[in-house]
Amino acid sequence: MLGNIFPLDSSKPFTTQEKVGHNRYHPEIPPVETVRPGDSVRVDSREWFDGAIKNDDSADDILNAPMKKVHGLTGPFRIEGAQPGDLLIVDILDV
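Residues numbered from 1 in each chain as written. Predicted model: local features only at pLDDT ≥ 70, side-chain atom pairs only at ≥ 80, totals over all residues. Heavy atoms only, no water.

Enquirer: Break down the pattern of salt bridges for me, with residues and values.
Expert: Inspection of the entire model under this criterion finds five salt bridges. For D39, the salt bridge goes to R36, with nearest N and O atoms at 3.7 Å. For D39, a relative accessible area of 23% corresponds to the partly exposed category. Notably, a salt bridge pairs R46 with D50, separated by 2.6 Å at the nearest N-O pair. This pair shows no difference in class: R46 is buried, exactly as D50 is. Linked through salt bridges whose partners overlap, the residues forming this network are R46, D50 and K69. (Salt bridge = Lys/Arg side-chain N within 4 Å of Asp/Glu carboxyl O. Buried < 20%, exposed > 50% of the residue type's maximum accessible area, 1.4 Å probe, protein only.)

Quick look at the structure:
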């Protein structure tokens, strides 16, 4: 296992992380990391509201959720040797 190639600090917004993700898939967005076929890696991912929903049993989190916020996505990642149109198989080992 290569370890966590996309760590997130939950005390910071997604846009201020060490590695900033993206908000759409586009070929001009550069990859944040390269992975070889067969590598096992860990990546952190942020939920849609970027930490606005807390584990405090308060309905106010939902009432005041930032509904117009764009969901930040983890990545993108370059897969060594992959070409546009290739089919990639990803096994999720743990959540």
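That covers the picture; the talk isn't over yet.
Enquirer: A description of unusual backbone geometry should follow, citing residues and the corresponding values.
Expert: Of note, the bond from G75 into P76 is cis; its omega dihedral lies within 30 degrees of zero at 0°. Following the sequence through the fold, P76 ends up in the loop between α1 (60-63) and β4 (77-79). Even without being a glycine, D50 presents a positive backbone phi close to 55°. Mapping D50 onto the fold places it in the loop between β3 (42-43) and α1. Positive phi values are uncommon outside glycine, yet D57 reaches one of about 60°. (Helix = DSSP H or I, 4+ residues; strand = E, 2+ residues; numbered from the N terminus.)

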